[in-house]
Amino acid sequence: EQSAALAAIREYATNHTQSLPDYVCSQTTRQTISPDAADPNGPQPRQTNVIEAEIVYVNHREMEKLTTINGKPAASADPKDLPESFSRGEFGTLLLRIFDPQTSAEFHWDRLVTRDKRRMYVFSYRVPKSKGYVIQEGKRTTVVAFKGLVYADAETNAVMRIEMQGIDFPASSSYQSLTLKLNYKLTKVAEQEFVLPSDFELNSRQSGGTTEVDAEYRNYRLFSADATIQFSDINSGR
């Protein structure tokens with residue numbers, strides 16, 4: 001039963017991303033940076049950034065455009081207000097990244113649970129660095145291996161939650177740890193319902209402090225072919 005469930009979930013993940021429409025949604029992110037109390041320069045104030053972005057998913061690729069940072073247009077934001085380290089998590093494509101056979105992820109049965117009154121299969125997984133999670137550190141990107149849990153509806157095989165933990169951070173990275181909890185829900189796009197990302201929590205420890213991120217996706221709509229917005233490609237790390 002466990003092997004059959006995993007095969008069905010993998011088939012769902014592959015077909016799901018292929019069947020998604022080209023869409024745009026809004027993402028609101030609240031990022032709180034808490035410096036270590038033992039900073040040699042003395043206690044530093046906690047910093048909170050509220051970041052608005054447009055996310056577009058076209059031809060199975062996810063891209064983004066920052067629109068405002070702390071209430072100001074992103075294009076005119078003061079450089080000091082820009083977050084130095086920010087996840088480029090590819091949240092819309094993370095599901096495919098985990099289940100794509102070319103990723104060579106390892107899976108193991110974990111347990112059966114009930115969430116939101118639905119029975120769910122839970123599998124643990126581990127993804128190698130070669131297909132790892134992308135972190136943006138200033139102008140540099142860092143890729144790390146990651147592991148975690150996936151929760152899939154036992155009736156529909158739809159993945160409704162992904163938990164992730166980054167592992168094996170390189171010594172050159174300012175990151176020491178990173179965890180993610182990503183939730184999905186049924187969402188209407190052009191009068192059709194799709195299972196799409198709804199919100200996530202991202203917590204990390206870097207040299208010098210910790211960062212807590214809470215974000216939600218909303219206002220899903222079809223992507224217009226004549227849209228003129230220029231998006232940066234999350235998949236390529238640009």
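Student: Any details on the packing of aromatic side chains? Residues and values, ideally.
Tutor: Ring pairs (aromatic) are described by centroid distance and by the angle formed between their planes. A full pass over the atoms with the stated rule returns eight aromatic pairs. Between Trp109 and Phe123 the ring centres are 5.3 Å apart and the planes differ by 80°, which places this aromatic pair in the edge-to-face class. Here Trp109 is found in strand S6 (residues 106-115), whereas its partner Phe123 is found in strand S7 (residues 118-127), with 14 residues between them in sequence. We classify Trp109 as partly exposed; its relative accessible area is 30%. Taking 6.1 Å as the distance between ring centres and 50° as the angle between the ring planes, the aromatic pair formed by Phe200 and Tyr217 counts as tilted. You can see Phe200 sitting in strand S12 (residues 192-206) and its partner Tyr217 sitting in strand S13 (residues 209-222), a full 17 residues away along the chain. Classification of Phe200 by relative accessible area gives buried; the value is 3%. Three or more aromatic residues joined by ring pairs make a cluster, and in this case those are Tyr23, Tyr57 and Tyr220. Directly above the aromatic system of Tyr151 lies the positively charged group of Arg115, at a separation of 5.5 Å from the ring centroid. The cationic tip of Arg161 hangs over the ring face of Tyr151; the distance from NZ or CZ to the ring centre is 5.9 Å.

What counts, and where the lines are drawn
- Residues numbered from 1 in each chain as written.
- Predicted model: local features only at pLDDT ≥ 70, side-chain atom pairs only at ≥ 80, totals over all residues.
- Heavy atoms only, no water.
- Phe/Tyr/Trp six-rings, centres within 6.5 Å; stacked < 30°, edge-to-face > 60°.
- Helix = DSSP H or I, 4+ residues; strand = E, 2+ residues; numbered from the N terminus.
- Buried < 20%, exposed > 50% of the residue type's maximum accessible area, 1.4 Å probe, protein only.
- Lys NZ or Arg CZ within 6 Å of the ring centre and 35° of its normal.

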